[in-house]
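Residue-level listing of the chains:
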Amino acid sequence: MGGVMTKGESPRKAWMPETKLEAKMVEAMQRRASEGTAMKSFNSIILKFPKIDEGLRNCKAIFQQFDEDSNGAIDHEELRRCFHKLEISFSEEEINDLFEACDINEDMGMKFNEFIVLLCLVYLLKEDPSALHAKSRMGMPTLEATFETLVDAFVFLDKNKDGYVSKSEMVHAINETSAGERSSGRIAMKRFEEMDWDKNGMVNFKEFLFAFTRWVGIDDIEDEEEGEEKV
């Protein structure tokens, strides 16, 4: 997810978004980062896992509502109708870009975890700079509070506020919390590798969200349900 970096270049100057959607994500995250974050440490993020998990699982009912043919995935047409019902006014190109970015299995249908990531990206991108403190952007205040926590967590990790999290920023965030424990570097590397899907050394908000759904066990819901269907 980004341009090529050569030795000696600073990531902040060299990193270029690959798609229009990524550019918008980075711009929105930079705007949000200028407001600061309530997170004080990596532990404060971990302590919020149960609440985030609960908030995201509550999204299941929304997913089922828009999965009109109940096949366990939301296709392009269902997503378009979903946006219409939620009064999300994105252009056709933006909807296509979001669908393509979040359908990571490229099977022309979004599973539950992909749908969560998409809604969180919509939440971030819908932010209107002139109305930062609007009560609700999507008509789902409880879910939006969960999304705001995820945005806040990313802002905490993104120390230089460039819209990406680098390996050194991840190490820095975990070292702050663990006060020099020997295992902290290994933990940081493991967490970073789980986030950096394309192995380019930088993590954008979408990659962070997919990793987070795995950390709190959202993937497990789908595995359990698939198992139940087979029984």
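For the structure itself, consult the block above.
All figures in this text were calculated on a predicted structure; none of them were measured in a lab.

About the cut-offs
In every chain, residue numbers begin from 1 and rise along the written sequence. With pLDDT at 70 or above as the cut-off, local features in this predicted model cover only qualifying residues; side-chain atom pairs require 80 or more to be listed or tallied, and sums for whole chains, interfaces and linings still use all residues. Hydrogens and water are ignored here; the side-chain numbers use all heavy atoms of the structure. Each helix is a run of DSSP H or I of at least 4 residues and each strand a run of E of at least 2, with the numbering of both proceeding from the N terminus. In a helix, the anticipated span is given by 1.5 Å times the number of residues less one. Burial classes: relative accessible area under 20% of the type maximum marks a residue as buried, over 50% as exposed, and values in between as partly exposed (1.4 Å probe, protein chains only). The arc in question is the one spanned by the directions pointing from the helix axis to the C-beta atoms. Working rule for contacts: check all heavy atoms of both residues, and any pair within 4.5 Å makes them a contact. Grid points spaced at 1 Å over the protein atoms alone were grouped into cavities, where a 1.4 Å probe fits but cannot get out, and pockets, open sets with protein on both sides within 12 Å along at least five of seven lines, with lining residues defined by an atom within 4 Å of a point. Grid points are joined across faces, edges and corners, and a volume is the space filled by probe spheres set on the points. Polar here means any residue other than Ala, Val, Leu, Ile, Met, Phe, Trp, Tyr, Cys and Pro, which are nonpolar, and Asp, Glu, Lys and Arg, which are charged; Gly is therefore polar. When two cysteine sulfur atoms are found within 2.5 Å, that pair is recorded as a disulfide. Residues belong to one nonpolar core when they are buried, are Ala, Val, Leu, Ile, Met, Phe, Trp, Tyr or Cys, and are joined through side-chain atoms within 4.5 Å.

1. Some details on helix H2 (residues 20–33)
Argument step 1. Look at H2: 20 Å from first C-alpha to last across 14 residues, which is about the 20 Å you get at 1.5 Å a residue.
Argument step 2. Taken residue by residue, H2 has Leu21, Glu22, Met25, Val26, Ala28, Met29, Arg32 and Ala33 as its buried positions. Taken around the axis of H2, the buried residues stretch over an arc of 165°, which confines them to a single face.
Argument step 3. Its buried side turned inward, H2 meets helix H7 (92–102), helix H8 (112–125), helix H9 (141–157) and helix H12 (205–215).

2. Details of the side chain of Glu78
Argument step 1. Relative to the elements of secondary structure, Glu78 occurs in helix H6 (residues 76–85).
Argument step 2. In contact with Glu78, other than residues within four places in its own chain, are Phe66, Asp67, Glu68, Asp69 and Ala73.

3. A closer look at the layout of surface pockets
Argument step 1. Taken as a whole, the second largest pocket encloses approximately 220 Å³ of empty space.
Argument step 2. As for the second largest pocket, its lining consists of ten residues, of which Thr19, Asp97, Glu100, Ala101 and Lys206 are closest to the centre.
Argument step 3. Elements supplying a minimum of two residues to the lining of the second largest pocket: H2 and H7.
Argument step 4. Tallied by class, the residues present in the lining of the second largest pocket amount to four nonpolar, one polar and five charged.

4. Some thoughts on the state of the cysteines
Argument step 1. Considering all chains together, one arrives at zero disulfides under this definition.
Argument step 2. The thiol sulfur of Cys59 is not disulfide-bonded, and the nearest other cysteine sulfur, from Cys82, lies at 9.0 Å.

5. As for unusual backbone geometry
Argument step 1. Backbone geometry at Glu87 places phi at a positive 55°, although glycine is not the residue there.
Argument step 2. When its relative accessible area of 65% is taken as the criterion, Glu87 is described as exposed.
Argument step 3. Not every positive phi belongs to a glycine, and Lys199 is a case in point at roughly 55°.
Argument step 4. Here Lys199 lies in the loop between helix H11 (184–195) and strand S2 (202–203).
Argument step 5. Taking relative accessible area as the criterion, Lys199 reaches 57% and is therefore assigned exposed.

6. A look at the nonpolar core
Argument step 1. Counting residues in hydrophobic clusters, the biggest one holds 67 residues, and the most contacted among them are Phe83, Phe205 and Phe208.
Argument step 2. Looking at which element gives the most residues to this core, the answer is H8, with twelve residues.
Argument step 3. Setting aside chain neighbours within four positions, we find Phe83 in contact with Ile88, Phe90, Ile95, Leu98, Leu118 and Val122.

7. With respect to empty space enclosed by the protein
Argument step 1. Applying the stated rule across the entire model yields one cavity of 30 Å³ or more.
Argument step 2. What the largest cavity holds in volume is close to 30 Å³.
Argument step 3. If you trace the largest cavity, you find it lined by Glu22, Met25, Val26, Met29, Phe154, Gly163, Asn204 and Phe205.
Argument step 4. Among the elements that make up the lining of the largest cavity, the one with the highest residue count is H2 (four residues).

8. A look at H9
Argument step 1. Between its first and last C-alpha atoms H9 spans 25 Å; for 17 residues at 1.5 Å apiece the expected length is 24 Å, and the two agree.
Argument step 2. Counted residue by residue, H9 has twelve buried out of 17 residues, so it is predominantly covered.
Argument step 3. For H9, the full list of buried residues reads Leu143, Glu144, Thr146, Phe147, Leu150, Val151, Asp152, Ala153, Phe154, Val155, Phe156 and Leu157.

The values are spatial; any link to function lies outside them.
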